[in-house]
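Chains, contacts and geometry: an overview
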Amino acid sequence: MKIIKIILWGSGNDELFYENKAKHCVAYKLPVDIIRIIFAVAVYVNFLFARNVSSNHGSVKFGVNQHVKRITKKLASAFLSVFKNDETTFQSLLFNTDDAIYIINPISMKIIGCNRNAFGRLQYSYNEMLRMRFSQIDSTNGAIGRWNEIIDLVERKKSITIESTHLRKDNSPIPVEVNISVGRYNGSECFVAIVRDLRLQELDKEKLWIEANIDPLTRLPNRRIFKDKLIKILDDNMGVDGFVVMFYIDIDHFKKLNDTLGHSVGDEVLVTVAHRLKHCIRGDDCIARFGGDEFVMVFTGLKSSAISPITNKIKSVFSEKVKTREYLLNVNASIGVGVFDTNNLDLDMGIDLVDKAMYQAKKSNGTSIYFHLEEM
């Protein structure tokens, strides 16, 4: 069995994990002293090798880490071969993975080994799981239920992947992706089933979406998602009476604040300002952090009589001092405002116009506002 990855993991007991070429992960319980010997010898041998290379080749750079890995793999393989018939091997299957792993008798479908996620996810104990057949936890009456066909398919292709549904002890379903491949256990052929909870994939997708579209500091939408969200809002409001009002807000002298008081204080100011601005919008309005100290807000369907009150509300955000852990600060902003016809708005041009209006506002001291007005 070719070792390609070695990591250490401990939870009271020291164990050495490795992953073979087929991605079937197995854990051998080894005494901590043996683990220390493996790595101590590997590092020492590599040190002698690296010193010899350095003395003979001067400044030539070598992949020292690769030598450590290669030597460690060979040493670990030699030690692991002593334990290859350990009866507890599959009871210790990769406890630090999010996937459930089952070792299955291909004739009887009986589960003969599994990791903690396998029995824990389905609310069984380890001993209960070993009294079950794999088909008992799978609610699918389709491909995976026809075990003879699966056996033929796995033996022919060596590995297959199927989407299915597993049942917890309380009969609640879990959508899963099952990869089944051929392995060996105690000298006999077995099937290794690696089961991925598809709910975790959805959580991963949501996490990736948040990382891509939500500013991690202020928790506001970023520039990336702002435009898509705004296009949808404008489409939904097409034909609705009223105006689209954009605000482009830039905190004055923010770089100086960062340089003199520190970035942590600057972050506190941004979070406070973002929180206050967010409380100025309605459910269908849009706010985003556009840059380091810039925010954009868009209000749709406004009557002309509502523009002034909303503008004053946003301006008042900067009339109250910002309290940080160490300071009480006066924070001013330059605010560019654009008022546009809902049915005749070029979004990119609108943002550009309020950006220019913001720079006009910067010509005045204190929190100031400059309007760009289309014909109303």
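Residues numbered from 1 in each chain as written. Predicted model: local features only at pLDDT ≥ 70, side-chain atom pairs only at ≥ 80, totals over all residues. Heavy atoms only, no water.

**So, the overall build of the protein**
The line we're drawing: Helix numbers and strand numbers start at the N terminus; a helix is a DSSP run of H or I with at least 4 residues, a strand a run of E with at least 2. Exposed residues in this analysis have more than 50% of their type's maximum accessible area, buried residues have under 20%, and partly exposed residues fall in between, with area computed by a 1.4 Å probe over protein chains only. Contacts: residue pairs with any heavy atoms within 4.5 Å of one another. Residue exposure ignores everything except the shown protein chains as possible cover, and the areas themselves are Shrake-Rupley values with a 1.4 Å probe.
If you tally the helices and strands in the protein, you get 11 helices and 15 strands. Of all 376 residues assigned to the protein, the portion counted as buried reaches 42%. Sequence separation of at least 24 residues holds for 57% of the intrachain contacts in the protein that already meet a minimum separation of 6. Total accessible area on the protein is roughly 20,800 Å²; 51% of this is exposed by carbon and sulfur atoms.

**Topic: the sheet that holds strand S8 (residues 188-197)**
Rule in force here: Pairing between strands is defined by DSSP: at least two bridges between them are needed. Between the N-to-C directions of two axes lies an angle of 0 to 180 degrees, each axis being a line fitted to C-alpha atoms and, for a helix, fitted only over the stretch in contact.
Reading across the sheet, the five strands line up as S5-S4-S8-S7-S6 and stay open at both edges, with antiparallel pairing between neighbours. What marks the edges here is a single partner per strand, and that holds for strand S5 (111-114) and strand S6 (159-167). Along the sheet, successive strands turn relative to each other by an average axial angle of 30°, direction set aside.

**Notes on unusual backbone geometry**
For Gln123, which is not glycine, the phi torsion reads 70° and is therefore positive. By the secondary structure assignment, Gln123 is in the loop between helix H3 (116-121) and helix H4 (126-130). Not every positive phi belongs to a glycine, and Lys158 is a case in point at roughly 75°. Relative to the helices and strands, Lys158 is located in the loop between helix H5 (147-157) and S6. For Lys158, a relative accessible area of 52% corresponds to the exposed category.

**Remarks on helix H8 (residues 254-261)**
Note the following rule: Arc definition: directions from the helix axis to the C-beta atoms.
Those residues of H8 that fall on the buried side of the exposure criterion are Phe254, Leu257 and Asn258. Take H8 and look down its axis: the buried residues cluster within an arc of 100°, on one side only. In H8, those exposed residues whose orientation departs by more than 90 degrees from the buried face are Lys255, Lys256, Asp259 and Thr260. Contacts from the buried residues of H8 go to strand S9 (243-251), helix H9 (263-278) and strand S13 (328-329). Positive phi appears at Gly262, one or two residues downstream of H8, with a value of about 105°.

**With respect to the pairing of S5**
Strand direction decides the pairing type here: strand S4 (residues 100-104) and S5, joined by three bridges, are antiparallel. By the bridge assignment, Tyr102 is partnered in S5 with Cys114. Hairpin remark: S4 followed by S5, antiparallel, with six residues in the connecting loop; positive phi at Met109, about 70°.

**Some thoughts on the packing of aromatic side chains**
Definition in use: For Phe, Tyr and Trp, rings pair up if their centres lie within 6.5 Å, where Trp contributes its six-membered ring, and each pair is then called stacked (planes under 30 degrees apart), edge-to-face (over 60) or tilted (otherwise).
As enumerated under the stated definition, the model contains five aromatic pairs in all. Arranged with centres 5.4 Å apart and planes meeting at 70°, the rings of Tyr102 and Phe134 form a pair that is edge-to-face. With Tyr102 in strand S4 and Phe134 in the loop between H4 and H5, the pair connects residues that are 32 residues apart, well separated along the chain. Here Tyr102 matches Phe134 in class, with each residue buried.

**Observations concerning the pairing of S4**
Every regular strand shows the same layout, with side chains that alternate between the two sheet faces. Where burial is concerned, most of S4 is hidden: five out of the five residues are buried. As judged from the five bridges shared by S4 and S8, these two strands associate in the antiparallel manner. Residue Ile103 lies in a different strand from S8, and its bridge partner there is Val192.

**Here we look at the confidence of the model for the protein**
Here is the rule: Values of pLDDT, which run from 0 to 100, indicate the predictor's confidence residue by residue.
Residues of the protein with pLDDT of at least 70 account for 70%, and the chain-wide mean is 76. When the elements of the protein are averaged for pLDDT, strand S2 (residues 14-20) gives the smallest value, 34, and H9 the largest, 95. Low pLDDT (under 50) marks residues 1-34, which in the prediction has 89 contacts with non-local residues, meaning those over four places away or in another chain. Contacts for the low-pLDDT stretch residues 75-93, under 50 throughout, to residues beyond four places or in other chains number 48 contacts.

**Topic: the packing of H8 against H9**
Keep this limit in mind: Note that the term roughly parallel is reserved for angles under 35 degrees, roughly antiparallel for angles over 145, roughly perpendicular for angles of 65 to 115, and oblique for everything else.
It is at 6 Å that the axes of H8 and H9 come closest, and there the two elements cross at 135°. One finds that H8 runs oblique with respect to H9. Only His263, Val265, Gly266, Val269 and Leu270 of H9 make contact with H8, whose side of the interface consists of Phe254, Leu257, Asn258 and Leu261.

**Considering the pattern of salt bridges**
Using the following cut-off: Think of a salt bridge as a Lys or Arg side-chain nitrogen and an Asp or Glu carboxyl oxygen that are within 4 Å of each other.
For the structure shown, the criterion picks out 12 salt bridges. Ionic pairing is found between Asp215 and Arg289, a salt bridge with its closest N-O pair at 3.1 Å. Here the residue Asp215 occupies a position in the loop between helix H6 (198-213) and helix H7 (223-236), and Arg289 occupies one in strand S10 (residues 286-289), the gap between them amounting to 74 residues. As far as the burial class goes, Asp215 and Arg289 line up, both buried. Here Glu268 makes a salt bridge to Arg325, at a shortest N to O gap of 3.7 Å. With a gap of 57 residues between them, Glu268 in helix H9 and Arg325 in the loop between strand S12 (322-323) and S13 connect regions that are remote in the sequence. By relative accessible area, which is 71% here, Arg325 ends up exposed. Taken together, the shared-partner salt bridges connect Asp250, Asp252 and Lys362 into one network.

**Regarding the packing of H7 against helix H11 (residues 347-361)**
Note the following rule: Two helices cross in a left-handed way if the nearer one is turned anticlockwise from the farther one by less than a right angle. They cross in a right-handed way if the turn is clockwise. All amino acids are sorted into three groups, where Ala, Val, Leu, Ile, Met, Phe, Trp, Tyr, Cys and Pro are nonpolar, Asp, Glu, Lys and Arg are charged, and the leftover types, Gly among them, are polar.
Two elements in contact, H7 and H11, have axes separated by 11 Å at closest approach and are oriented at 115°. As judged from the angle between their axes, H7 and H11 are roughly perpendicular. Relative to H11, H7 is oriented so that their crossing is right-handed. Across the interface between the two elements, Phe226, Lys227, Leu230, Ile231 and Leu234 of H7 pack against Leu347, Asp348 and Ile351 of H11. Each residue belonging to the contact of H7 with H11 can be placed in one class, and the counts come to six nonpolar, no polar and two charged.

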